Amino acid sequence: MMMVIKFRTKFWQRITFTLPLLTAVLLWAVIVAGQTMVERFASPSAAFEWYKDCARRGDNRGYVECLTAESKELIGSPPPPADLLKEEYQFLAEKKYKVEFSEEWAIIIFLDDPQKEPPYLLKQEDNQWKIDLVGMSESILFDENQNWYLKGKSQVIKPPAG
């Protein structure tokens, strides 16, 4: 009986110290995670960098988080395998880009070969910038010289003259 009492006493002494500490740590983690989620998709550049980071790590869940709702339906389930994401990262890793805006999208234009390398399109969804794979598949077209152009709602956007 004496051991049970000692155990209970030590347990409650530890829990009164540990519980508030654990609560503070968890609360801090939730706050940081919430801020990070907002920051990840606050701008087209931030969203694209997060997309690349998820691809680098082969993070399927993070990758899917970067896509518009329509794009998620397009890729279906399961998401692309980690090695395919890492391969995409190898393609994107060192590419310099700029962001331009159209009526519908933020357009990631690669600067190395801006006429030949098709852009990535991002669309705002719930005040967050997300990769629009559907828009990319339907709206990026190529001319007879394999230069891309973008078919939009009200205009056709040609890549910048190199």
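Definitions and cut-offs
The written sequence of each chain sets the order in which its residues are numbered from 1. For a predicted model such as this one, the threshold for reporting local features is a pLDDT of at least 70, and the threshold for listing and counting side-chain atom pairs is 80 or more; totals across whole chains, interfaces and linings nevertheless cover every residue. Hydrogens are left out, water is left out, and the side-chain values use all remaining heavy atoms of the structure. Among buried residues, those of type Ala, Val, Leu, Ile, Met, Phe, Trp, Tyr and Cys that are joined through side-chain atoms within 4.5 Å constitute a nonpolar core. Each residue's exposure class comes from its accessible area (1.4 Å probe, protein chains only) as a fraction of the maximum for that residue type: buried when under 20%, exposed when over 50%, partly exposed otherwise. Secondary structure elements are taken from DSSP: a helix is a run of H or I of four residues or more, a strand is a run of E of two residues or more, and numbering for both begins at the N terminus. Contact definition: two residues touch when any of their heavy atoms are within 4.5 Å. Pairs of N or O atoms are called polar contacts if they sit within 3.5 Å, as long as, within protein, a hydrogen donor faces a hydrogen acceptor (for residues adjacent in sequence, only side-chain-to-side-chain pairs). Think of it this way: DSSP has to see at least two bridges between two strands before they count as a pair.

**Student:** Looking at this structure, I do not really get the nonpolar core. What am I missing?
**Tutor:** Side chains that are nonpolar tend, in soluble globular proteins, to be buried together. Membership of the largest hydrophobic core comes to 32 residues, with the highest contact counts inside it found for F48, Y51, Y120, I131 and L150. Elements represented by at least two residues in this core include exactly α2 (44-57), α5 (82-92), β2 (106-110), β3 (120-125), β4 (128-131), α6 (133-139) and β6 (148-151). With 6 residues, the top contributor of residues to this core is α2. The contacts of Y51, once residues within four sequence positions are left out, are Y63, C66, L67, E88, L92, Y120 and I131.

**Student:** Is there a simple way to explain unusual backbone geometry in this structure?
**Tutor:** The phi angle of most residues is negative, glycine excepted, and most peptide bonds adopt the trans form. A cis amide bond, omega 0 degrees, links S77 with the succeeding residue P78. Note that P78 resides in the loop between α4 (69-75) and α5. Despite not being glycine, D126 has its phi angle at roughly 55 degrees, a positive value. Phi at Q146 takes a positive value of approximately 65 degrees, unusual for a residue other than glycine. Along the chain, the position of Q146 falls in the loop between β5 (140-142) and β6. Residue Q146 is classed as partly exposed on the basis of its relative accessible area, which comes to 48%.

**Student:** Even after reading the chapter, I still don't get the side chain of K95, so can you show me in this structure?
**Tutor:** Position of K95 among the secondary structure elements: in the loop between α5 and β1 (97-101). Here the side chain of K95 touches E117 through a polar contact of 2.8 Å, side chain to side chain. Setting aside residues up to four positions removed in sequence, K95 forms contacts with K52, F110, D112 and E117.

**Student:** It is not clear to me how the pairing of β1 should be interpreted in this structure. Could you clarify?
**Tutor:** For a regular strand, side chains alternate in direction, first toward one face of the sheet and then toward the other. With 5 bridges connecting them, β1 and β2 associate as antiparallel partners. Its bridge partner being in β2, F101 is matched across the sheet by A106. Adjacent in sequence and paired antiparallel, β1 and β2 are bridged by 4 residues.

**Student:** Would you take a moment to explain the environment of A69 for this structure?
**Tutor:** Along the chain, A69 falls in helix α4. Remark: the alpha-carbon pair of A69 and D132, spanning 63 residues in sequence, is separated by 8.7 Å.

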